[in-house]
Amino acid sequence: TIAQTLIGVFAGLIVVVVVGAMFMTAEYRRGLIRVTLAAMPRRGRVLAAKAVVIAAVTFAAGLVSAAVVVTQGQRVLRDHGVYVWPVTVLTEVRVIVGTAAVLAVAAVIALAIGTVLRRSAEAVAAVIVVIVLPYLLIVAVPVLPLGPADWLARICPAAAFAVQQTLIQYPQVSNVYVPSAGYYPLPPWAGFGVLCAWAAVALGLAAYLLRRRDA
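Rules of the game
- Residues numbered from 1 in each chain as written.
- Predicted model: local features only at pLDDT ≥ 70, side-chain atom pairs only at ≥ 80, totals over all residues.
- Heavy atoms only, no water.
- Patch = residues over 30% accessible without salt bridge, like charges linked within 9 Å, V, L, I, M, F, W, Y side chains within 5 Å.
- Areas by Shrake-Rupley, 256 points an atom, 1.4 Å probe, with all protein chains shown as cover.
- Salt bridge = Lys/Arg side-chain N within 4 Å of Asp/Glu carboxyl O.
- Helix = DSSP H or I, 4+ residues; strand = E, 2+ residues; numbered from the N terminus.
- Buried < 20%, exposed > 50% of the residue type's maximum accessible area, 1.4 Å probe, protein only.
- Axes fitted to C-alpha atoms, helices over the stretch in contact; angles between N-to-C directions.
- Parallel < 35°, antiparallel > 145°, perpendicular 65-115°, else oblique.
- Left-handed = near helix turned anticlockwise from the far one by under 90°.
- Nonpolar A, V, L, I, M, F, W, Y, C, P; charged D, E, K, R; others polar.
- Arc of directions from axis to C-beta.
- Contact = heavy atoms within 4.5 Å.
- Polar contact = N/O pair within 3.5 Å; in protein donor to acceptor, adjacent residues only side chain to side chain.
- 1 Å grid on protein atoms, 1.4 Å probe; cavity = no way out; pocket = protein on both sides within 12 Å on 5 of 7 lines; lining within 4 Å.
- Points joined across faces, edges and corners; volume = space filled by probe spheres on them.
- Phe/Tyr/Trp six-rings, centres within 6.5 Å; stacked < 30°, edge-to-face > 60°.
- Lys NZ or Arg CZ within 6 Å of the ring centre and 35° of its normal.

> Is there a simple way to think about a nonpolar patch on the surface in this case?
On the surface, Y83, W85, I168, Y170 and V173 cluster together into a nonpolar patch covering about 540 Å² of accessible area. For V173, the location among the structural elements is in the loop between α6 (146-155) and α7 (188-212).

Pasting the structure below:
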């Protein structure tokens, strides 16, 4: 499937997590957060501005990368005699745009957790446990039984990878419909909504603590 050309998104996700977390923790480590908050006392705006910047930059980079990989990856596969499951133009656009959006929102979550924990190592580790580890358990290296894997794919941030789904589940066909085979329990944008909900909660907590704590 065209989603299989995006296997490198996993590596990109880790990079995004590190950059997103350090976008805030680096200021705490160097003491520059005091300068930032002195220049803009409204701390909620500081966090919002950082979230907009990291999301926009990540989305742009992810959009270009995903577009190149999906279009050129299909060509390479077909040139080597590999059958690629056909999809509509709208589905291809959804996969590309959705992948970029997932990376952007993941960066925002990393930023929020970095704001909460203030330390790069702890923040990166926390985001990896929240986003990357569930993806490994249900997609990349499926070690969970079908029931727990299906449940985890509905509530964890990795549910957002449903935007990459291109295969159709047929009620008359008996098959193992699991994320590791390219099937997600939630519709594409519903899965993405789960990730956005996690981001909203993380940003809300980060904004609250940023206002309440000393720099």
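Now that the structure has been shown, the text picks up again.
> For this particular structure, what's the right way to read unusual backbone geometry?
Glycine aside, the phi torsion of most residues is negative, and most peptide linkages are trans. The backbone of R118 shows a phi angle near 70°, a positive value even though the residue is not glycine. Looking at R118, the relative accessible area reads 24%, which means it is partly exposed.

> Any chance you could explain the packing of helix α4 (residues 89-117) against α7 here in plain terms?
Helix packing geometry: the angle between the two helix axes and the distance between the axes. Two numbers describe how α4 lies on α7: the axes approach to 8 Å, and their chain directions differ by 20°. Here α4 is positioned roughly parallel relative to α7, judged by the angle of their axes. Crossing of α4 against α7: the hand is left-handed. When its residues are assigned to classes, the contact of α4 with α7 shows 21 nonpolar, two polar and one charged.

> So what exactly am I meant to see when it comes to α6 here?
Note that an α-helix has 3.6 residues per turn; residues three or four places apart therefore point the same way. Where α6 is concerned, the buried positions are A149, L152 and A153. Viewed along the axis of α6, the buried residues span an arc of 100°, placing them on a single side of the element. Considering only its buried residues, α6 is in contact with α5 (120-140).

> Just checking my understanding: could you explain the side chain of T5 for this structure?
You can see T5 is positioned in the segment before α1 (9-30). Here the side chain of T5 touches I2 through a polar contact of 2.5 Å, landing on its backbone oxygen. Contact partners of T5, with chain neighbours within four places excluded, come to V69, V70, G73, Q74 and L77.

> Is there a simple way to think about the layout of surface pockets in this case?
Picture a little ball the size of a water molecule; that probe, rolled over the atoms, points out where space is still empty. In this structure, the largest pocket spans a volume of roughly 330 Å³. Along its surface, the largest pocket is lined by 18 residues, and A3, Q4, V139, P179 and G182 are the ones closest to its centre. A breakdown of the residues in the lining of the largest pocket according to their chemical character gives 11 nonpolar, seven polar and no charged. The space that makes up the second largest pocket amounts to roughly 260 Å³. G12, V16, G62, S65 and L103 are, among the 19 residues lining the second largest pocket, the residues nearest its centre. When residues of the lining of the second largest pocket are traced back to their parent elements, those giving at least two are α1, α3 (43-79) and α4. Sorting elements by how many residues they give to the lining of the second largest pocket places α3 first, with seven residues.

> Help me understand the packing of aromatic side chains in this model?
When we look at a pair of aromatic rings, we describe it by the centre distance and by the angle of the planes. Enumeration according to the criterion identifies four aromatic pairs in this entry. Relative to F161, the ring of Y135 lies with its centre 4.5 Å away and its plane at 45°, an arrangement referred to as tilted. On the criterion of sequence distance, the pair formed by Y135 in helix α5 and F161 in the loop between α6 and α7 is long-range, its members being 26 residues apart. Exposure class is identical for Y135 and F161. Each is buried. A ring pair is formed by W189 and F192, whose centres lie 5.7 Å apart and whose planes are at 85°; its orientation type is edge-to-face. In this pair, W189 and F192 both sit in helix α7, three residues apart, roughly one turn of the helix. Overall, F192 belongs to the buried group, its relative accessible area being 14%. Of the aromatic side chains, those joined through ring pairs into one cluster are F10, Y135 and F161. Over the face of the ring belonging to F23 we find K50, whose NZ or CZ atom lies 4.6 Å from the ring centre.

Geometric descriptors of this kind do not, in isolation, establish any biological role.
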